[in-house]
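Report on the structure
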Amino acid sequence: EASAATQAAAFGFGADVTEAEAEEKGDWWRTPKATPSESRWDLWPALPIAPFDRRVTMMREVIPGEMWTFEQKQGILYVHVPIRMTVYRMQSRRGLFVYAPVAPTDELVAMVRELEERHGEVAYIVLPTVAVEHKYFVGPFARAFRKAEVWVCPGQFSVPVQLPGQTQ
């Protein structure tokens, strides 16, 4: 369960302004919001999409003790949508399977480390798409969980030029 402060931050309310105060003013969306240090994503200039350095993570336990989802907002201009990473506790061995990683902020890494304490280390990280919303994060995520084996789908590309030896 996310704390009230984290949920407020996820919806864009800073610690200094309550939701009620912002709604009363009628311009809550204009109120400056502080980015908690654990939710910062300092590599945002490499792919400057909103919410830039602000990556609040919402964790949900989908199947108790077996599957969790982690969502972070991402978007362009005024359209922000949640992107989701799924973590599954493997049945065949001790450890975790990560599907479609999101930004490895300190907050997210701490949440996954907590799961590792209970269910074993991240064993596999899977990038199931060539879409930038997950591709951009797989490298930094894999560096945070160095013992994990990384799998990617075929057809990966590199920017600004295609590097030799890459899957076509």
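Throughout what follows, the structure given in this document is the object of discussion. It should be emphasised that the depicted structure is a prediction, and the values quoted were computed from it without experimental measurement.

The subject of this paragraph is the overall build of the chain. Secondary structure summary: the chain contains four helices and six strands in total. The order of α-helices and β-strands along the chain, N terminus first, is α-α-β-β-β-β-α-β-α-β. Residues counted as buried form 41% of the 168 residues belonging to the chain. Considering only residue pairs separated by 6 or more positions, the chain has 52% of its internal contacts joining residues 24 or more positions apart.

Below, the discussion takes up the nonpolar core. In terms of nonpolar packing, the biggest core is built from 25 residues, with Phe70, Met85, Val87, Val122, Ile125 and Phe145 touching the most fellow members. Elements with a minimum of two residues in this core: β2 (67-76), β3 (79-89), β4 (96-99), α3 (106-119), β5 (122-127) and α4 (132-144). Those residues in contact with Ile125 that sit more than four places away from it in its chain are Val98, Pro101, Val138, Phe141, Ala142, Phe145, Ala148, Glu149, Val150 and Trp151.

What follows concerns the sheet that holds strand β6 (residues 149-152). Pairing is mixed across the open sheet formed by six strands, whose spatial order is β1-β2-β3-β4-β5-β6. Whereas interior strands pair on both sides, the edge strands pair on one side only; in this sheet they are β1 (58-63) and β6. Sheet twist, expressed as the mean angle between neighbouring strand axes with direction ignored, is 25°. Contacts from α3 reach β1, β2, β3, β4 and β5 within the one sheet, and its direction differs from that of β2 by about 170°. Along the sheet, α4 contacts β2, β3, β4, β5 and β6; its crossing angle with β5, the most-contacted strand, is approximately 155°.

Criteria and cut-off values
- Residues numbered from 1 in each chain as written.
- Predicted model: local features only at pLDDT ≥ 70, side-chain atom pairs only at ≥ 80, totals over all residues.
- Heavy atoms only, no water.
- Helix = DSSP H or I, 4+ residues; strand = E, 2+ residues; numbered from the N terminus.
- Buried < 20%, exposed > 50% of the residue type's maximum accessible area, 1.4 Å probe, protein only.
- Contact = heavy atoms within 4.5 Å.
- Core = buried A, V, L, I, M, F, W, Y, C linked by side-chain atoms within 4.5 Å.
- Pairing = 2+ DSSP bridges.
- Axes fitted to C-alpha atoms, helices over the stretch in contact; angles between N-to-C directions.

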